[in-house]
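The residues making up each chain are set out below.
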Amino acid sequence: MLKSDLINILVAKRGVTQKQAEATIETIFESMKDALCRGENIEIRGLGAFHVKNYQGYQGRNPKTGQVIPVKPKRGLLFRTGKELRDRVNRPAPLQAQSDLPSSEFKGSSGTGTL
């Protein structure tokens, strides 16, 4: 899904203009970016949480030459899904999707029809 898809969904479901939808999505994303740059975490119930992780500096090694290289401290982002989203994504597929598979895929190597 692209940002433009989110804008189109907002226009279709809420009846706002294209410009209003773009401004809304941009405001949300800019606010999230600003908060993460300040080192704040973001939690969106039902979706997940963005966490800023601080990494210490360390002595790395150039794999080609073996030369020791100092690696500066840095920050990275982690996203952890919320339970609700994780459960929804891992929900079993509808039965009709499973029954579309040819029966030969359910047979073991002996051809007895067992898994």
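- Within an unreviewed UniProt entry, the label attached to the protein chain reads Integration host factor subunit beta, and the organism entered is Corallococcus terminator.
- Comment text from UniProt for the protein chain, heading Sequence similarities (unreviewed entry), reads "Belongs to the bacterial histone-like protein family."

Focus on the pattern of salt bridges
For step 1, the next point in the chain: Tallying each qualifying case throughout the model produces five salt bridges.
For step 2, the next point in the chain: The salt bridge partner of Glu26 is Lys3, with a shortest N-O separation of 2.5 Å. With Glu26 in helix α2 (residues 18–37) and Lys3 in helix α1 (residues 3–14), the pair connects residues that are 23 residues apart, well separated along the chain.
For step 3, the next point in the chain: In this structure, Glu43 engages Arg45 in a salt bridge whose closest nitrogen and oxygen atoms are separated by 2.6 Å.
For step 4, the next point in the chain: Residue Arg45 is classed as exposed on the basis of its relative accessible area, which comes to 75%.

Observations regarding the packing of aromatic side chains
For step 1, the next point in the chain: The final tally for this structure, using the stated rule, is one aromatic pair.
For step 2, the next point in the chain: On the numbers, 4.8 Å between centres and 50 degrees between planes, the contact of Phe50 with Phe79 is tilted. You can see Phe50 sitting in strand β2 (residues 48–55) and its partner Phe79 sitting in strand β5 (residues 74–81), a full 29 residues away along the chain.

Let's talk about the sheet that holds β2
Adjacent strands of a sheet form backbone hydrogen bonds with each other and so pair up, either parallel or antiparallel.
For step 1, the next point in the chain: Pairing is antiparallel across the open sheet formed by three strands, whose spatial order is β1-β2-β5. Each having just a single partner strand, β1 (42–44) and β5 make up the two edges of the open sheet. Between one strand axis and the next, the sheet turns by 20 degrees as a mean value, whatever way the strands run.
For step 2, the next point in the chain: Pairing between β2 and β5: eight bridges, direction antiparallel. Note on β5: the bridge partner recorded for Lys53 is Gly76.
For step 3, the next point in the chain: In this fold α2 packs onto β1, β2 and β5, with an angle of close to 140 degrees to the strand it touches most, β1.

Conventions used here
Residues numbered from 1 in each chain as written. Predicted model: local features only at pLDDT ≥ 70, side-chain atom pairs only at ≥ 80, totals over all residues. Heavy atoms only, no water. UniProt positions renumbered as here; feature names shortened; annotations may be inferred. Salt bridge = Lys/Arg side-chain N within 4 Å of Asp/Glu carboxyl O. Helix = DSSP H or I, 4+ residues; strand = E, 2+ residues; numbered from the N terminus. Buried < 20%, exposed > 50% of the residue type's maximum accessible area, 1.4 Å probe, protein only. Phe/Tyr/Trp six-rings, centres within 6.5 Å; stacked < 30°, edge-to-face > 60°. Pairing = 2+ DSSP bridges. Axes fitted to C-alpha atoms, helices over the stretch in contact; angles between N-to-C directions. Contact = heavy atoms within 4.5 Å.

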